[in-house]
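Topology and contacts: notes
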Amino acid sequence: QVQLVESGGGLVQAGGSLRLSCAAAGSIRSINTMAWYRQAPGKLRELVAGITSGGSTNVADSVKDRFTISRDNAKKTVYLQMNSLKPEDKAVYYCNAEIVTRDLPRRGYWGQGTQVTVSS
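Residues numbered from 1 in each chain as written. Predicted model: local features only at pLDDT ≥ 70, side-chain atom pairs only at ≥ 80, totals over all residues. Heavy atoms only, no water.

Quick look at the overall build of the chain
Each helix and strand counted, the chain has 0 helices and 11 strands in total. Helices (α) and strands (β) of the chain occur, in sequence order from the N terminus, as β-β-β-β-β-β-β-β-β-β-β. For 120 residues, the compact-globule estimate of 2.2 N^0.38 gives 14 Å, and the chain sits close to it at 14 Å. Along the first, second and third principal axes, the C-alpha set of the chain runs to 45 × 25 × 25 Å. (Helix = DSSP H or I, 4+ residues; strand = E, 2+ residues; numbered from the N terminus. Rg over C-alpha atoms; globule rule 2.2 N^0.38 Å.)

Pasting the structure below:
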């Protein structure tokens, strides 16, 4: 069993910043790619940013100049630093991780989601 616990969401004014955290817990052997997705009301879930175990990143063009993804392998945690937030960034943000556990081969796991609201 793996649990991804997200934190850091909330309400912020346009132009402000938030840092999301996602910590993995359970019988984890290894964690490969970790990523952040978001889903706005009435929209499909979309990839925001991903990071490999070695630290290589990819970030969606829509947020590339404003968001930064990072990870702390010792803490089994991935972060999303969000700066210069815009109202269109409002969404539920979901952590995703490709994890090998004691009992299962690599598969994807999802966090519970954390709400990010950006006011005008």
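Further notes follow.
Some thoughts on the sheet that holds strand S8 (residues 77–82)
Sheet architecture is open: 4 strands sit in the order S1-S3-S8-S7, paired in antiparallel fashion. Here the strands that pair on one side only, and so sit at the sheet edges, are strand S1 (2–7) and strand S7 (67–72). Each strand axis lies, on average, 15° off the axis of its neighbour in the sheet, ignoring direction. Direction of pairing for strand S3 (residues 18–26) relative to S8: antiparallel, over a ladder of 6 bridges. By the bridge assignment, Cys22 is partnered in S8 with Val78. (Pairing = 2+ DSSP bridges. Axes fitted to C-alpha atoms, helices over the stretch in contact; angles between N-to-C directions.)

Examining the packing of aromatic side chains
On inspection of all chains with the given rule, the structure shows 2 aromatic pairs. Ring geometry for Tyr37 against Trp110: centres 5.0 Å apart, planes inclined by 65°, an arrangement best described as edge-to-face. With a gap of 73 residues between them, Tyr37 in strand S4 (residues 28–39) and Trp110 in strand S10 (residues 107–110) connect regions that are remote in the sequence. By relative accessible area, which is 22% here, Tyr37 ends up partly exposed. (Phe/Tyr/Trp six-rings, centres within 6.5 Å; stacked < 30°, edge-to-face > 60°. Buried < 20%, exposed > 50% of the residue type's maximum accessible area, 1.4 Å probe, protein only.)

Some details on the pairing of S7
Side chains Phe67, Ile69 and Arg71 project from S7 onto a buried face, and the interleaved Thr68, Ser70 and Asp72 project onto a face without burial. Sheet topology places S7 next to S8; 6 bridges connect them, and they run antiparallel. Bridge assignment links Ile69 to a residue of S8, and that residue is Leu80. The turn linking S7 back onto S8 is made up of 4 residues, and Lys76 within it adopts a positive phi angle of 55°.

Re the state of the cysteines
Scanning the model with the defined rule gives 1 disulfide in all. Here Cys22 connects covalently by a disulfide to Cys95, the sulfurs 2.1 Å from one another. Since a negative S-S torsion denotes a left-handed disulfide, the Cys22-Cys95 link at about -80° is left-handed. With Cys22 in strand S3 and Cys95 in strand S9 (residues 91–101), this residue pair connects regions lying 73 residues apart in the sequence. (Disulfide = S-S within 2.5 Å.)

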